[in-house]
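Descriptive structure summary
Here is what each chain is made of, one letter per residue.
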Amino acid sequence: MPYRWPADTDFVPWELDVLDRRCGACGRRMHICDHRFRHLHTLEGPVELICKLNHCPDPHCPGHTRTKSPEVEATIAPPHWAIGWDVFCWIGHRRFSRHWAIPQIRAELLDAHRIKLSDDAIGQYIHRYQAMLAARQQDPEALLRLYQAVDEIILSIDGLQPEKGHETLYVVRELTCKRVWFAEALISATADEVRRLIAQAKGWTEALGKPVALWLSDRQDAFVTGIAAEFPGVPHRYCQNHFLRDVARPVLEADSHTKVQMRKKVRGLRKIEQAVLKRRGVAGPEPAAGADAAATTAVIIEPVESAASPADPAGAVVLDYCPSVRGILNDDQGGPLQPPGLRMARALDEVRESIQHNLDEKKGGSRNSNSVAWPVASTGASTK
Ligand SMILES: [Zn+2]
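Residues numbered from 1 in each chain as written. Predicted model: local features only at pLDDT ≥ 70, side-chain atom pairs only at ≥ 80, totals over all residues. Heavy atoms only, no water.

Quick word on the coordination of the zinc ion
Protein coordination at the zinc ion comes from Cys23 (SG), Cys26 (SG), Cys56 (SG) and Cys61 (SG), with a distance range of 2.2 to 2.4 Å. Between the donor residues of the zinc ion, the gaps in sequence give the motif C-x2-C-x29-C-x4-C. Residue cysteine 23 is located in the loop between strand E1 (12–16) and strand E2 (31–42), and its partner cysteine 61 is located in the loop between strand E3 (45–55) and helix H1 (73–76); the two are separated by 38 residues in the primary sequence. Exposure class is identical for cysteine 23 and cysteine 61. Each is buried. (Donors = N, O, S within 2.8 Å, 3.2 Å for Na, K, Ca; no water. Helix = DSSP H or I, 4+ residues; strand = E, 2+ residues; numbered from the N terminus. Buried < 20%, exposed > 50% of the residue type's maximum accessible area, 1.4 Å probe, protein only.)

Right, dumping it as structure tokens:
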């Protein structure tokens, strides 16, 4: 990665000496034979490393043709890098701990540290950071230390698909230390391929010398057969989340059916909005959304038609309700424990009550249509 420095860069010189100057071959004291100059970004500013290179003065010694670099050089920056370890760690931390995007990292490096790097260069450093991190995560000695106090191991395997059509990433995790052991993208997850990963996990547990108490996964055939073959006698439990989802399937199907029914009943939002806009003589995009499409369509239309004032407060109310109801109808969030249809029914009930509340107020003499009692649930719904 050749880096172009501006001509007027003000480098701070750092002179580095070889500390152990005995020749590795003959033991004589080595001489300085050359200098290597390197330019680097550090968080404290641009630095010029002046590395004094040593060799053995005896022309007949094998140490004569080799040079030795100062030992500390590699602790400041790896060879050929334009940044020091400190900048490298700063980038990796921002990316993986704070989840910054590359353009944000680039801008902050420039603003806060006057370090100018291209997106490409930052991308490459992030790649290396990732590789080092992965190597570190899988370092057997570090793992041994981590698992020293652990009595038994609980393993899980799952396939994650980042996006439809992408290859599936199979991840083996250990749950007592909450650690990803390893992951591999398999284009075709045949039983043999999956079993290879499970065998790899077995190799790790053997290296750690710890018993496996339990395996967790979904019920993919390849998982079931692979785990049974590699870990005979180890209990294999079905993932609770998958289990719950399957148990709840009839409920979710009924819930989905109910949603369809509610959507059938509560519809025509667009027509209601257009009617209001037409009556106002608005062709363009006014508050382009909304009427309260709730099941109370007829109730709503009536005050709209009777409101002849140019200010059209009733029309405004209608146009305010519409996006809210649309959001309720489009909200598909919720799992087995919060079926989306139930949430939808609750939210629509609140809308109905809210409309009724407004109509009652009006009958009571108040013509202030702006005092709308908003349904609480609907405010959280997104208007897609
Ligand atoms: Zn020598």
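Considering the pairing of strand E7 (residues 212–217)
The buried fraction of E7 amounts to five of the six residues, a majority that puts the element mostly inside the structure. With three bridges joining them, E7 and strand E8 (residues 236–238) adopt parallel strand pairing. Its bridge partner lying in E8, tryptophan 215 is registered against histidine 236. Since E7 and E8 lie parallel, the crossover through helix H7 (residues 221–230) that links them has a hand, and here it is right-handed. (Pairing = 2+ DSSP bridges. Right-handed = clockwise from strand over helix to strand, strands pointing away.)

As for the nonpolar core
Counting 23 residues, the largest nonpolar core has Leu155, Ile157, Trp181, Val194 and Trp215 as the members making the most contacts within it. Elements with a minimum of two residues in this core: strand E4 (153–160), strand E5 (168–174), strand E6 (179–186), helix H6 (191–208), E7 and H7. Top element by residues in this core is H6. It accounts for six residues. Setting aside anything within four residues of it in sequence, one finds valine 194 in contact with Ile157, Tyr170, Leu186, Ala189, Ala222 and Phe223. Within the second largest apolar cluster, 16 residues are counted, among which are Ala82, Trp90, Ile115 and Tyr125. (Core = buried A, V, L, I, M, F, W, Y, C linked by side-chain atoms within 4.5 Å. Contact = heavy atoms within 4.5 Å.)

Here we look at the pattern of salt bridges
Within the structure shown, the criterion is met by 16 salt bridges. A salt bridge links lysine 52 to glutamate 15; its shortest N-O distance comes to 3.0 Å. Separated by 37 residues along the polypeptide, lysine 52 in strand E3 and glutamate 15 in strand E1 bring together distant segments of the chain. Residue lysine 52 is classed as buried on the basis of its relative accessible area of 16%. Among the salt bridges present, the one from glutamate 73 reaches arginine 38, with a minimum N-O distance of 3.0 Å. Here the residue glutamate 73 occupies a position in helix H1, and arginine 38 occupies one in strand E2, the gap between them amounting to 35 residues. Arginine 38 sits in the buried class, given a relative accessible area of 10%. Residues joined in a network through salt bridges with shared partners are Glu15, Asp17 and Lys52. (Salt bridge = Lys/Arg side-chain N within 4 Å of Asp/Glu carboxyl O.)

Regarding helix H13 (residues 340–363)
Helix length check: H13 (24 residues) gives 35 Å between terminal C-alpha atoms against 34 Å at 1.5 Å per residue, within 8%. All of the buried residues in H13 are Pro340, Gly341, Met344, Ala347, Leu348, Val351, Ser354, Ile355, Asn358 and Leu359. (Expected span 1.5 Å × (residues − 1).)

Thoughts on the packing of aromatic side chains
In the structure shown here, the tally under the stated rule is 16 aromatic pairs. Ring centres of tryptophan 90 and tryptophan 100 lie 6.0 Å apart, and the angle between their planes is 85 degrees; this geometry places the pair in the edge-to-face category. Separated by ten residues along the polypeptide, tryptophan 90 in helix H2 (residues 85–96) and tryptophan 100 in the loop between H2 and helix H3 (102–113) bring together distant segments of the chain. The same class applies to tryptophan 90 and to tryptophan 100, which are both buried. (Phe/Tyr/Trp six-rings, centres within 6.5 Å; stacked < 30°, edge-to-face > 60°.)

Quick word on the layout of surface pockets
Of the volumes computed, that of the largest pocket is approximately 450 Å³. As for the largest pocket, its lining consists of 22 residues, and the residues nearest its centre are Tyr3, Pro6, His41, Ile115 and Lys116. For the lining of the largest pocket, the secondary-structure elements that each account for two or more residues are E2, E3 and helix H4 (119–137). The element that contributes the greatest number of residues to the lining of the largest pocket is H4, accounting for four residues. For the lining of the largest pocket, the residue count by class is eleven nonpolar, seven polar and four charged. (1 Å grid on protein atoms, 1.4 Å probe; cavity = no way out; pocket = protein on both sides within 12 Å on 5 of 7 lines; lining within 4 Å. Points joined across faces, edges and corners; volume = space filled by probe spheres on them. Nonpolar A, V, L, I, M, F, W, Y, C, P; charged D, E, K, R; others polar.)

Some words on the sheet that holds E5
In space, the five strands of this open sheet follow the order E6-E5-E4-E7-E8, with mixed pairing throughout. Strands at the two margins of the open sheet, each flanked by one partner only, are E6 and E8. Adjacent strand axes in the sheet meet at a mean angle of 20 degrees when their direction is disregarded. Relative to the sheet, H7 contacts E4, E5, E7 and E8, its axis offset from that of E4 by approximately 150 degrees. (Axes fitted to C-alpha atoms, helices over the stretch in contact; angles between N-to-C directions.)

Focus: the confidence of the model for the protein
Taken over all residues, the pLDDT of the protein has a mean of 85, while the share at 70 or more is 87%. Note that pLDDT drops below 50 for residues 284–309; the model gives that stretch 67 contacts with residues more than four away or on any other chain. Low pLDDT (under 50) marks residues 366–371, which in the prediction has seven contacts with non-local residues, meaning those over four places away or in another chain. (pLDDT = per-residue confidence, 0-100.)

Examining the sheet that holds E3
One open sheet accounts for three strands, arranged E1-E3-E2; its pairing is mixed. Only two strands of the sheet have a single partner each, and these edge strands are E1 and E2. Neighbour to neighbour, the strand axes of the sheet diverge by 20 degrees on average, direction disregarded. Of the strand pairs in this sheet, E2 and E3 are connected by eleven bridges, and their pairing is antiparallel. Counted as the bridge partner of leucine 40 is valine 47 from E3.

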